[in-house]
Amino acid sequence: GAQTTQLLVEPPWRPAVLWDRVTLTCQGSWTAGATTWYKDGQRWEKEVQDKFVVTESGTYTCDSPGSGLSPHVTVLNDQLVLQVPAQTLLEGDAVKLRCRV
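Just so you know, these numbers come straight off a predicted model, no measurement behind them.

Asks: Which residues make up the overall build of the protein, and what are the values?
Replies: Each helix and strand in the protein was counted, giving 0 helices and 12 strands. N-terminal to C-terminal, the α/β element order of the protein is β-β-β-β-β-β-β-β-β-β-β-β. Every one of the 101 residues in the protein was classed for burial, and the buried ones make up 34%. Put simply, 50% of the contacts in the protein that link residues at least 6 apart link residues at least 24 apart. With an accessible surface of roughly 6,300 Å², the protein has 51% of that area assigned to carbon and sulfur atoms.

Asks: Could you give an account of the sheet that holds strand 4 (residues 23-27), naming the residues involved and the relevant values?
Replies: Through backbone hydrogen bonds, the strands of a sheet pair up, either in parallel or in antiparallel fashion. Read across the open sheet, the 3 strands follow the order 1-4-7; overall the sheet is antiparallel. Looking at strand neighbours, the two that pair on one side only are strand 1 (6-10) and strand 7 (51-53), the edges of this open sheet. Shown here is a sheet whose adjacent strand axes are inclined to one another by a mean of 20°, direction ignored. One ladder, built from 5 bridges, connects strand 1 with strand 4; its direction is antiparallel. From the neighbouring strand, Leu7 faces strand 4, where its bridge partner is Cys26.

Asks: Describe the nonpolar core, and please don't skip the residues or the numbers.
Replies: Of all hydrophobic cores here, the largest spans 15 residues; its most connected members are Leu7, Leu24, Trp37, Phe52, Val54, Tyr60 and Val75. Looking at this core, the elements that each hand over two or more residues are strand 1, strand 4, strand 8 (58-64) and strand 10 (73-76). Residues contacting Leu24, with those up to four places away along its chain left out, are Leu7, Leu8, Val9, Trp37, Asp50, Lys51, Phe52, Val54, Tyr60 and Val73.

Asks: With reference to specific residues and values, describe the side chain of Lys39.
Replies: With respect to the helices and strands, the residue Lys39 is situated in strand 5 (residues 36-39). The class for Lys39 is buried, based on a relative accessible area of 14%. A distance of 3.2 Å separates polar atoms of two side chains, one belonging to Lys39 and the other to Asp40. Within the local environment of Lys39, its side chain forms a polar contact with the backbone oxygen of Ser57, the two atoms lying 3.4 Å apart.

Asks: Pulling in residues and values, what's your account of the sheet that holds strand 11 (residues 81-85)?
Replies: If you trace the 3 strands from one edge of the open sheet to the other, you get 2-11-12, paired in antiparallel fashion. Either end of the sheet is taken by a strand with one partner, and the two such strands are strand 2 (13-14) and strand 12 (98-100). Pairing of strand 11 with strand 12 involves 3 bridges; the strand directions are antiparallel. Bridge pairing in strand 12 links Gln83 to Arg98.

The rules behind the values
- Residues numbered from 1 in each chain as written.
- Predicted model: local features only at pLDDT ≥ 70, side-chain atom pairs only at ≥ 80, totals over all residues.
- Heavy atoms only, no water.
- Helix = DSSP H or I, 4+ residues; strand = E, 2+ residues; numbered from the N terminus.
- Buried < 20%, exposed > 50% of the residue type's maximum accessible area, 1.4 Å probe, protein only.
- Contact = heavy atoms within 4.5 Å.
- Areas by Shrake-Rupley, 256 points an atom, 1.4 Å probe, with all protein chains shown as cover.
- Pairing = 2+ DSSP bridges.
- Axes fitted to C-alpha atoms, helices over the stretch in contact; angles between N-to-C directions.
- Core = buried A, V, L, I, M, F, W, Y, C linked by side-chain atoms within 4.5 Å.
- Polar contact = N/O pair within 3.5 Å; in protein donor to acceptor, adjacent residues only side chain to side chain.

By themselves these figures say nothing about function.
Put into structure tokens, the structure is as follows:
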């Protein structure tokens, strides 16, 4: 099958919140240093590596040659957040929710 770019979130909860010290990792098939980051739909020159700690709220995606654009990840700076695990959920799955203040 076709390879796709993935954007991993640590800790693995969505939406991510700044006060959790969120790390984003871009995973795909690329040569070193070829990761392109986007923040709020605009190319983001601030980060060039494939992994970094987020310091600004926004919507992030990454791109790697041969794998394409990743799904987006939103990082919030809200005071009250309802979170779900950052994994694929199907109808009927049991899910643990977190209400964070």
